[in-house]
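# A structural walkthrough
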Amino acid sequence: MHLGSWFIDISALRFVNSLSDKVHSSPPTIEKISGLFQDFYVRAESHIATHISALASRINRDASPLRSRGSRGGLQQKLSNRDAQDDAEKVAPGRQMLTASEVAEKRKTRKFLANNRIALEEAVERRACESIYDKIFQHKASLDEVRDEKLRSKTAALLLVGITLKDLGIDIDITAIDEERQREADDDIYAARERLMEMNNERYPLGKLQCLAAAHKAIVDALTKLLPSSSSADEILPALIYALVTCPPEGINIISNLLFIQRFRSAGKV
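Conventions and cut-offs
Residues numbered from 1 in each chain as written. Predicted model: local features only at pLDDT ≥ 70, side-chain atom pairs only at ≥ 80, totals over all residues. Heavy atoms only, no water. Helix = DSSP H or I, 4+ residues; strand = E, 2+ residues; numbered from the N terminus. Buried < 20%, exposed > 50% of the residue type's maximum accessible area, 1.4 Å probe, protein only. Contact = heavy atoms within 4.5 Å. Expected span 1.5 Å × (residues − 1). Axes fitted to C-alpha atoms, helices over the stretch in contact; angles between N-to-C directions. Parallel < 35°, antiparallel > 145°, perpendicular 65-115°, else oblique. Left-handed = near helix turned anticlockwise from the far one by under 90°. Nonpolar A, V, L, I, M, F, W, Y, C, P; charged D, E, K, R; others polar. 1 Å grid on protein atoms, 1.4 Å probe; cavity = no way out; pocket = protein on both sides within 12 Å on 5 of 7 lines; lining within 4 Å. Points joined across faces, edges and corners; volume = space filled by probe spheres on them. Phe/Tyr/Trp six-rings, centres within 6.5 Å; stacked < 30°, edge-to-face > 60°.

If you tally the helices and strands in the protein, you get twelve helices and zero strands. By residue count, 35% of the 270 residues in the protein fall in the buried class. Here the contacts in the protein between residues at least 6 apart in sequence split such that 79% fall between residues at least 24 apart.

Let's shift gears to helix 6 (residues 100–131). Since the α-helix turns once every 3.6 residues, residues separated by three or four places project in the same direction. For helix 6, built from 32 residues, the straight-helix expectation of 46 Å at 1.5 Å per residue is met to within 8% by its first-to-last C-alpha distance of 46 Å. Those residues of helix 6 that sit buried are Glu102, Val103, Thr109, Leu113, Asn116, Leu120, Glu121, Glu122, Val124, Glu125, Ala128 and Cys129.

This part covers the packing of helix 9 (residues 179–198) against helix 11 (residues 236–245). For the pair helix 9 and helix 11, interaxial distance at closest approach is 9 Å and the crossing angle is 70°. In terms of orientation, helix 9 and helix 11 fall into the roughly perpendicular class. Here helix 9 runs over helix 11; the crossing is right-handed. On helix 11, the residues that touch Ile189, Ala192, Arg193 and Leu196 of helix 9 are Tyr242, Ala243 and Leu244. Residue classes in the contact of helix 9 with helix 11 are distributed as six nonpolar, no polar and one charged.

The next point concerns the layout of surface pockets. There is about 460 Å³ of room inside the second largest pocket. Together, 19 residues line the second largest pocket, and Leu19, Ser20, Pro28, Ile33 and His139 are the ones closest to its centre. Taken together, the elements giving at least two residues each to the lining of the second largest pocket come down to helix 2 (30–61) and helix 7 (133–136). In terms of residue class, the lining of the second largest pocket is built from ten nonpolar, five polar and four charged.

Attention now goes to the packing of aromatic side chains. In the structure shown here, the tally under the stated rule is nine aromatic pairs. For the pair Phe37 and Phe264, a centre-to-centre distance of 4.9 Å together with 75° between the ring planes defines the contact as edge-to-face. Here Phe264 lies in helix 12 (residues 254–264) and Phe37 lies in helix 2, a separation of 227 residues in the sequence. A single burial state applies to Phe37 and to Phe264, both of which are buried. Pairing Phe260 with Phe264 gives two aromatic rings, centres 5.1 Å apart and planes at 45°, and the pair type is tilted. In this pair, Phe260 and Phe264 are both assigned in helix 12, four residues apart and thus about one turn of the helix distant. Taken together, the ring pairs connect Phe15, Phe37, Phe40, Tyr41, Tyr133, Phe137, Phe260 and Phe264 into an aromatic cluster.

As structure tokens, this is what we get:
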């Protein structure tokens, strides 16, 4: 695609550089910076949408290779295909009806363009965030790091005292669970902890969100083994809290990570 990495690099670089412009009477707050990021996302998505729309129009204007290679009697064969007639797109009077192959190709192209639009939007967001991640994560004017430290102190105290799923309101009959299922559930809880800690390693919103989603899935998998007769919907949050509390307290920045997602993930994608 013509836009590709060039647009991603240039637009993200220009935006990031604009944050250093001497246009503020005082250093911008993290909320102000978040708002600037959101405005940038809107502009970038608009440019990308225009580019994708132009590509789609160009493709629609192009003559179909299948049509140009049509052989004698080919039209009769196409018209005899009832499925192709039923599935064909409407066209202006005087133009030939699309064949089944052409319809499928157009659908494939539309899907390809839609996927590329999303990929470009995600790439712009990632490049902008990663390029100044150290300056916007746990921003010096925010209380993110202080809040994380308070949470770490609380979870460390709970871990020292000892806490179980039952303490968080999840009633599990251990006697009804065989050793293999218990071991598999423990592995899932461990995986959830790993995913929560891996959020620290990701330097863009979607990466952190994907870790959180993976932790959620691991929790659901564990509950499915521990509570096979329950939908476990009401137990997901307590189990997620349990996974967080039993994580090694050092290095866990769950509040900062969640606030980073909230501030710098495109509002239309959260």
